[in-house]
Amino acid sequence: MGNFQVIDHPLIQHKLTILRDKNTGTKYFREVVNEIARLLAYEVSREMPLRDIEIETPIVKTVQKQLAGKKVVIVPILRAGLGMVDGMLDLIPAAKVGHVGMYRDHDTMEPVEYFIKMPSDLSERELLVVDPMLATGGSAVAAIDALKKRGATNIKFVCLVAAPEGVKVLQDAHPDVGIYTASLDEKLDEKGYILPGLGDAGDRLFGTL
Ligand code: URA
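Residues numbered from 1 in each chain as written. Predicted model: local features only at pLDDT ≥ 70, side-chain atom pairs only at ≥ 80, totals over all residues. Heavy atoms only, no water.

### Brief notes about the nonpolar core
Next, step 1: In this structure, Leu 16, Leu 19, Ile 36, Leu 40, Met 84, Leu 160 and Leu 198 are the most contacted members of the largest nonpolar core, which totals 37 residues.
Next, step 2: Breaking this core down by element, the ones donating at least two residues are α1 (10–20), α2 (26–44), β4 (71–78), α3 (85–91), β8 (125–130), β10 (154–162), β11 (178–184) and α6 (201–206).
Next, step 3: Ranked by residues supplied to this core, first place goes to α2 with eight residues.
Next, step 4: Leu 16 has contacts with Ile 36, Leu 160, Val 161, Ala 182, Ser 183 and Leu 198, leaving out every residue within four places of it along the chain. (Core = buried A, V, L, I, M, F, W, Y, C linked by side-chain atoms within 4.5 Å. Buried < 20%, exposed > 50% of the residue type's maximum accessible area, 1.4 Å probe, protein only. Helix = DSSP H or I, 4+ residues; strand = E, 2+ residues; numbered from the N terminus. Contact = heavy atoms within 4.5 Å.)

### Comments concerning the UniProt feature "binding site: 5-phospho-alpha-D-ribose 1-diphosphate" (unreviewed entry) in the protein
Next, step 1: Under the feature "binding site: 5-phospho-alpha-D-ribose 1-diphosphate" (unreviewed entry), the UniProt entry names Arg 79, Arg 104, Asp 131, Pro 132, Met 133, Leu 134, Ala 135, Thr 136, Gly 137, Gly 138, Ser 139 and Asp 200.
Next, step 2: Leave out the neighbours within four places in its chain, and Arg 104 touches Met 109, Glu 110, Pro 111 and Thr 136.
Next, step 3: On the accessibility criterion, Gly 138 (21% relative accessible area) is partly exposed. (UniProt positions renumbered as here; feature names shortened; annotations may be inferred.)

### Some points on the packing of aromatic side chains
Next, step 1: This model, assessed by the stated rule, comprises one aromatic pair.
Next, step 2: Aromatic pair Tyr 103 and Tyr 114: ring centres 6.2 Å apart, planes at 40°, arrangement tilted. Pair noted here: Tyr 103 is in strand β6 (residues 99–104) and Tyr 114 is in strand β7 (residues 111–117), with a separation of 11 residues, a long-range link. (Phe/Tyr/Trp six-rings, centres within 6.5 Å; stacked < 30°, edge-to-face > 60°.)

### Concerning the packing of helix α4 (residues 138–149) against helix α5 (residues 164–173)
Next, step 1: Direction vectors running N to C along α4 and α5 enclose 25°, while the axes themselves pass 9 Å from each other. The orientation of α4 with respect to α5, classified from their angle, is roughly parallel. Read as a crossing pair, α4 and α5 show a hand that is right-handed. Of the residues in α5, those in contact with Ala 140, Val 141 and Ile 144 of α4 are Val 169, Leu 170 and Ala 173.
Next, step 2: Taken together, the residues that form the contact of α4 with α5 break down as six nonpolar, no polar and no charged. (Axes fitted to C-alpha atoms, helices over the stretch in contact; angles between N-to-C directions. Parallel < 35°, antiparallel > 145°, perpendicular 65-115°, else oblique. Left-handed = near helix turned anticlockwise from the far one by under 90°. Nonpolar A, V, L, I, M, F, W, Y, C, P; charged D, E, K, R; others polar.)

### A word on a nonpolar patch on the surface
Next, step 1: A surface patch of nonpolar side chains, about 320 Å² in accessible area, is lined by Tyr 103, Tyr 114 and Phe 115.
Next, step 2: Residue Tyr 103 is classed as partly exposed on the basis of its relative accessible area of 42%. (Patch = residues over 30% accessible without salt bridge, like charges linked within 9 Å, V, L, I, M, F, W, Y side chains within 5 Å. Areas by Shrake-Rupley, 256 points an atom, 1.4 Å probe, with all protein chains shown as cover. Salt bridge = Lys/Arg side-chain N within 4 Å of Asp/Glu carboxyl O.)

### Some details on the pairing of β4
On any regular strand, side chains alternate: one points to one face of the sheet, the next to the other face.
Next, step 1: Along β4, six of the eight residues are buried, which leaves the element largely enclosed by surrounding structure.
Next, step 2: Both β4 and β8 contribute to a ladder of six bridges, which runs parallel. From the neighbouring strand, Val 75 faces β8, where its bridge partner is Val 129.
Next, step 3: Here β4 pairs with strand β5 (residues 96–97) via two bridges, running parallel. The partner of Ile 74 across the bridge, within β5, is Val 97.
Next, step 4: Following the chain from β4 across α3 to the adjacent parallel β5, one finds a crossover that is right-handed. (Pairing = 2+ DSSP bridges. Right-handed = clockwise from strand over helix to strand, strands pointing away.)

Take a look at the structure:
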(Lines give C-alpha, C1' and ligand atoms only; values in the text may rest on other atoms or scores of the structure.)
Protein backbone atom coordinates (compact mmCIF):
# COMPACT_ATOMS: atom_id res chain seq x y z
CA MET A 1 0.00 0.00 0.00
CA GLY A 2 1.31 3.47 -0.87
CA ASN A 3 2.33 5.84 1.83
CA PHE A 4 -0.50 7.85 3.46
CA GLN A 5 0.70 10.87 5.35
CA VAL A 6 -1.05 13.74 7.12
CA ILE A 7 1.41 16.61 7.14
CA ASP A 8 0.10 18.50 10.14
CA HIS A 9 2.97 20.88 10.83
CA PRO A 10 1.74 23.77 13.05
CA LEU A 11 2.26 26.31 10.25
CA ILE A 12 0.13 24.18 7.94
CA GLN A 13 -2.63 23.77 10.52
CA HIS A 14 -2.68 27.52 11.14
CA LYS A 15 -2.84 28.32 7.43
CA LEU A 16 -5.53 25.70 6.82
CA THR A 17 -7.74 27.39 9.43
CA ILE A 18 -7.47 30.60 7.37
CA LEU A 19 -8.65 28.68 4.29
CA ARG A 20 -11.54 27.05 6.16
CA ASP A 21 -12.83 30.41 7.38
CA LYS A 22 -15.66 31.49 5.07
CA ASN A 23 -14.67 35.13 5.59
CA THR A 24 -11.30 34.64 3.86
CA GLY A 25 -11.49 36.36 0.45
CA THR A 26 -10.15 35.17 -2.88
CA LYS A 27 -6.82 37.05 -2.87
CA TYR A 28 -5.80 35.85 0.57
CA PHE A 29 -7.19 32.35 -0.07
CA ARG A 30 -5.04 32.03 -3.20
CA GLU A 31 -1.92 33.20 -1.36
CA VAL A 32 -2.43 30.80 1.52
CA VAL A 33 -3.13 27.83 -0.79
CA ASN A 34 0.27 28.50 -2.37
CA GLU A 35 1.95 28.86 1.03
CA ILE A 36 0.60 25.47 2.11
CA ALA A 37 1.54 23.91 -1.25
CA ARG A 38 5.11 25.15 -0.67
CA LEU A 39 5.23 23.52 2.76
CA LEU A 40 3.75 20.28 1.38
CA ALA A 41 6.36 20.26 -1.41
CA TYR A 42 9.06 20.42 1.26
CA GLU A 43 7.70 17.32 2.99
CA VAL A 44 6.87 15.38 -0.16
CA SER A 45 10.43 15.88 -1.41
CA ARG A 46 11.95 14.55 1.81
CA GLU A 47 12.69 11.12 0.32
CA MET A 48 14.21 12.36 -2.93
CA PRO A 49 17.41 10.45 -3.65
CA LEU A 50 20.81 12.14 -3.60
CA ARG A 51 24.14 11.37 -5.20
CA ASP A 52 27.67 12.43 -4.34
CA ILE A 53 29.40 15.03 -6.48
CA GLU A 54 32.82 16.55 -6.11
CA ILE A 55 32.99 20.35 -6.01
CA GLU A 56 35.50 22.90 -4.85
CA THR A 57 34.67 25.39 -2.13
CA PRO A 58 36.86 28.51 -2.06
CA ILE A 59 39.09 26.51 0.32
CA VAL A 60 39.17 22.78 -0.62
CA LYS A 61 37.84 20.04 -2.84
CA THR A 62 34.92 18.25 -1.20
CA VAL A 63 32.31 15.60 -1.96
CA GLN A 64 28.77 16.85 -1.39
CA LYS A 65 25.19 15.90 -2.22
CA GLN A 66 23.08 16.67 -5.25
CA LEU A 67 19.53 15.60 -6.14
CA ALA A 68 19.75 12.47 -8.26
CA GLY A 69 16.21 11.25 -8.68
CA LYS A 70 13.78 11.24 -11.54
CA LYS A 71 12.77 14.58 -12.99
CA VAL A 72 9.65 15.94 -11.32
CA VAL A 73 6.39 16.82 -13.05
CA ILE A 74 3.74 18.73 -11.12
CA VAL A 75 0.31 17.72 -12.45
CA PRO A 76 -2.61 19.91 -11.37
CA ILE A 77 -6.06 18.42 -11.86
CA LEU A 78 -8.02 21.25 -13.47
CA ARG A 79 -9.28 23.53 -12.26
CA ALA A 80 -8.57 23.79 -8.52
CA GLY A 81 -5.19 22.02 -8.76
CA LEU A 82 -3.85 25.10 -10.56
CA GLY A 83 -3.94 26.93 -7.23
CA MET A 84 -1.14 24.74 -5.85
CA VAL A 85 1.28 24.91 -8.78
CA ASP A 86 3.17 28.13 -8.06
CA GLY A 87 3.77 27.21 -4.43
CA MET A 88 5.21 23.84 -5.43
CA LEU A 89 7.34 25.40 -8.18
CA ASP A 90 8.86 27.75 -5.60
CA LEU A 91 10.56 24.73 -4.03
CA ILE A 92 11.01 22.58 -7.15
CA PRO A 93 11.67 25.23 -9.81
CA ALA A 94 13.05 22.79 -12.40
CA ALA A 95 9.84 20.76 -12.40
CA LYS A 96 7.78 20.48 -15.56
CA VAL A 97 4.03 21.09 -15.30
CA GLY A 98 1.53 18.73 -16.93
CA HIS A 99 -2.23 19.32 -16.92
CA VAL A 100 -5.17 16.96 -16.60
CA GLY A 101 -8.75 18.16 -17.02
CA MET A 102 -11.68 16.15 -15.71
CA TYR A 103 -15.40 16.84 -15.64
CA ARG A 104 -18.22 14.79 -14.18
CA ASP A 105 -20.71 13.38 -16.69
CA HIS A 106 -24.15 14.35 -15.38
CA ASP A 107 -25.80 11.13 -16.60
CA THR A 108 -23.25 8.55 -15.44
CA MET A 109 -21.74 10.69 -12.60
CA GLU A 110 -18.38 9.31 -13.79
CA PRO A 111 -15.37 11.62 -14.25
CA VAL A 112 -14.40 12.09 -17.90
CA GLU A 113 -11.00 13.27 -19.14
CA TYR A 114 -11.37 16.30 -21.45
CA PHE A 115 -7.79 17.57 -21.58
CA ILE A 116 -4.36 16.16 -20.97
CA LYS A 117 -0.98 17.63 -21.84
CA MET A 118 2.10 16.02 -20.35
CA PRO A 119 5.85 16.13 -20.99
CA SER A 120 7.37 13.15 -22.82
CA ASP A 121 8.93 10.08 -21.16
CA LEU A 122 6.48 9.84 -18.26
CA SER A 123 8.04 6.52 -17.22
CA GLU A 124 11.27 8.40 -16.42
CA ARG A 125 9.63 10.98 -14.21
CA GLU A 126 8.25 11.46 -10.71
CA LEU A 127 4.73 12.87 -10.86
CA LEU A 128 3.19 15.01 -8.13
CA VAL A 129 -0.53 15.09 -8.89
CA VAL A 130 -2.10 18.04 -7.07
CA ASP A 131 -5.70 18.86 -6.23
CA PRO A 132 -6.68 20.77 -3.07
CA MET A 133 -9.57 18.41 -2.22
CA LEU A 134 -9.62 14.60 -2.18
CA ALA A 135 -13.40 14.18 -1.78
CA THR A 136 -15.02 11.15 -3.47
CA GLY A 137 -11.69 10.22 -5.09
CA GLY A 138 -13.36 9.89 -8.50
CA SER A 139 -11.35 12.52 -10.36
CA ALA A 140 -8.07 11.58 -8.64
CA VAL A 141 -8.51 7.93 -9.69
CA ALA A 142 -9.48 8.90 -13.25
CA ALA A 143 -6.56 11.35 -13.57
CA ILE A 144 -4.09 8.74 -12.32
CA ASP A 145 -5.62 6.10 -14.64
CA ALA A 146 -4.97 8.50 -17.54
CA LEU A 147 -1.38 9.15 -16.43
CA LYS A 148 -0.58 5.46 -15.96
CA LYS A 149 -2.04 4.73 -19.41
CA ARG A 150 0.58 7.14 -20.76
CA GLY A 151 3.42 5.36 -18.98
CA ALA A 152 3.68 7.01 -15.55
CA THR A 153 4.83 4.62 -12.82
CA ASN A 154 6.03 6.90 -10.04
CA ILE A 155 3.14 8.99 -8.73
CA LYS A 156 2.35 10.85 -5.52
CA PHE A 157 -0.98 12.57 -4.84
CA VAL A 158 -0.83 15.82 -2.88
CA CYS A 159 -3.88 17.62 -1.49
CA LEU A 160 -4.86 20.07 1.24
CA VAL A 161 -7.92 18.32 2.65
CA ALA A 162 -8.89 14.66 2.28
CA ALA A 163 -12.08 12.81 3.22
CA PRO A 164 -11.68 9.24 4.51
CA GLU A 165 -13.98 8.06 1.69
CA GLY A 166 -11.70 9.53 -0.98
CA VAL A 167 -8.56 8.16 0.61
CA LYS A 168 -10.05 4.65 0.55
CA VAL A 169 -11.21 4.93 -3.07
CA LEU A 170 -7.79 6.17 -4.19
CA GLN A 171 -5.87 3.59 -2.15
CA ASP A 172 -8.07 0.76 -3.44
CA ALA A 173 -7.67 1.84 -7.08
CA HIS A 174 -3.99 2.83 -6.93
CA PRO A 175 -2.29 1.21 -3.91
CA ASP A 176 1.14 2.21 -5.24
CA VAL A 177 0.34 5.96 -5.12
CA GLY A 178 1.42 7.77 -1.96
CA ILE A 179 -1.14 10.24 -0.60
CA TYR A 180 0.00 13.40 1.20
CA THR A 181 -2.59 15.69 2.76
CA ALA A 182 -2.53 18.65 5.13
CA SER A 183 -5.65 17.32 6.87
CA LEU A 184 -7.80 14.21 7.07
CA ASP A 185 -11.30 15.61 7.66
CA GLU A 186 -14.38 13.85 9.03
CA LYS A 187 -16.49 12.80 6.06
CA LEU A 188 -18.40 13.80 2.92
CA ASP A 189 -21.84 15.33 3.05
CA GLU A 190 -24.68 14.14 0.79
CA LYS A 191 -23.56 16.57 -1.97
CA GLY A 192 -19.97 15.36 -1.92
CA TYR A 193 -18.54 18.31 0.03
CA ILE A 194 -15.91 17.55 2.64
CA LEU A 195 -16.90 18.27 6.26
CA PRO A 196 -15.75 20.53 7.83
CA GLY A 197 -13.73 21.22 4.66
CA LEU A 198 -13.33 24.64 3.14
CA GLY A 199 -16.14 24.73 0.59
CA ASP A 200 -15.53 24.61 -3.16
CA ALA A 201 -11.79 25.14 -3.53
CA GLY A 202 -11.98 26.07 -7.23
CA ASP A 203 -14.67 28.69 -6.66
CA ARG A 204 -12.80 30.17 -3.71
CA LEU A 205 -9.49 30.26 -5.64
CA PHE A 206 -10.93 31.86 -8.74
CA GLY A 207 -13.69 34.01 -7.23
CA THR A 208 -16.52 32.22 -9.04
CA LEU A 209 -18.76 31.95 -6.00
N1 URA B 1 -14.36 19.73 -4.03
C2 URA B 1 -14.25 20.90 -3.36
O3 URA B 1 -13.76 21.89 -3.89
N4 URA B 1 -14.69 20.93 -2.08
C5 URA B 1 -15.22 19.86 -1.47
O6 URA B 1 -15.57 19.95 -0.29
C7 URA B 1 -15.32 18.64 -2.19
C8 URA B 1 -14.88 18.63 -3.48
